[in-house]
Amino acid sequence: MRNELQAGGLTGARFVDPVVLARVGNLELVSRAVVDGFINGMHRSPYFGASVDFAEHRGYTPGDDIRRVDWKLFGRTDRFYIKEYEADTNANFAVLLDVSKSMGFGSRGITKLEYGQILAGCLTYLVHRQRDRVGFAAFDEDIVEFVPPSAKHMDVTLHVLDRLKPSKPGQLAPPMKKLAEHYARRGVLVIVSDFYEEPQAVLEAIAPLRFRGHDIIAFHVLDPAEVEFNYDQASAFEDLESGEQIPIVPEALAEQYRTLIREHSEALRSKFSELRIDYALLNTATPLDQALFTYLSMREQLSRVKR
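To keep things clear, this report deals only with the structure shown in the data block.

Thresholds, definitions, all that
- Residues numbered from 1 in each chain as written.
- Predicted model: local features only at pLDDT ≥ 70, side-chain atom pairs only at ≥ 80, totals over all residues.
- Heavy atoms only, no water.
- Salt bridge = Lys/Arg side-chain N within 4 Å of Asp/Glu carboxyl O.
- Helix = DSSP H or I, 4+ residues; strand = E, 2+ residues; numbered from the N terminus.
- Buried < 20%, exposed > 50% of the residue type's maximum accessible area, 1.4 Å probe, protein only.
- Pairing = 2+ DSSP bridges.
- Expected span 1.5 Å × (residues − 1).

Considerations on the pattern of salt bridges
Here is step 1: For the structure on display, the rule yields 13 salt bridges.
Here is step 2: D162 is the partner of R14 in a salt bridge, and the nearest nitrogen-oxygen pair spans 3.0 Å. Note that R14 is positioned in the loop between α1 (4-7) and α2 (18-24) and D162 in helix α5 (residues 154-162), a separation of 148 residues in sequence.
Here is step 3: The partly exposed category is assigned to D162, whose relative accessible area is 26%.
Here is step 4: Among the ionic pairs, E226 bridges to K112, the shortest N-O distance being 2.8 Å. Of the two residues, E226 is situated in helix α8 (residues 224-228) and K112 in helix α4 (residues 112-129); the sequence distance between them amounts to 114 residues. Of the two residues examined, E226 and K112, each falls in the buried class.
Here is step 5: The structure contains a network of salt bridges with shared partners spanning K112, D194 and E226.

Encoded structure:
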């Protein structure tokens, strides 16, 4: 199965995986927060508009369209009231992808960065079809690439995805602080990273984006070797970001390591929950179509319950 981007030979089209789209194509990514948009869409707006969802009444003022007068209410009160409706709008959407050196690790043919690139490509394509404005940013210890949200930036995002290489160590706080200045208009931000920092430091780095009113989704991408640590021979393990090598006897440390990884993941989940940030742990051994379908289905069901 080929999508129209691949048929057109567009650079980076390989990151829009037809298998993933076939699985999640019928799902939607709707913001759980009120967002600032430009045209009609599927997200809640802070302004009144022309949807079918009634919001409130307000008193008539000269110049109002008399077709919006609630005549039934006039019959009961002998006063003119205007019916206001909630507005639905499109949203700014952007993926913030970690391209630090640790994201270049992969034990089973696909690296964390490649997994994140496909995730970014598919999500961007999905929301672009929703008529949302798409953007992208790549970061390590600083911003590496930045594509501002626009209705015309789908192709640009795929071009940028195609040229990404992990080359520097990562540090979350500095690039997040700068990106918070770039994303002034409320929207949906998806952060894809292996989050190799203390959970409290991760939370403090992302908090400025959340406090600006963005609906944030955090995808924690790990390789199966990082989750399971199924090594059985003593050898030197290298930190991909610092280059430091440490001799390890796996049998002596494996269980302690797995416990630390579980605690790290649970701490991140708890910290993100405090700020109403969605958190999902993605193991690169899990097919992306399955992982993304599970997450989007759950989010869609929760949104229906809360509306």
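A closer look at the pairing of strand β10 (residues 278-283)
Here is step 1: The element β10 is extensively covered by neighbouring structure, given that 5 of its 6 residues are classed as buried.
Here is step 2: Alignment of strand β7 (residues 215-222) against β10, held across 6 bridges, turns out to be parallel. Bridge pairing links A218 to Y279 in β10.

Examining α4
Here is step 1: Between its terminal C-alpha atoms α4 stretches 26 Å, which fits the 26 Å expected from 18 residues at 1.5 Å a residue.
Here is step 2: Directly beyond the C-terminal end of α4, a positive phi value near 75° is found at R131.

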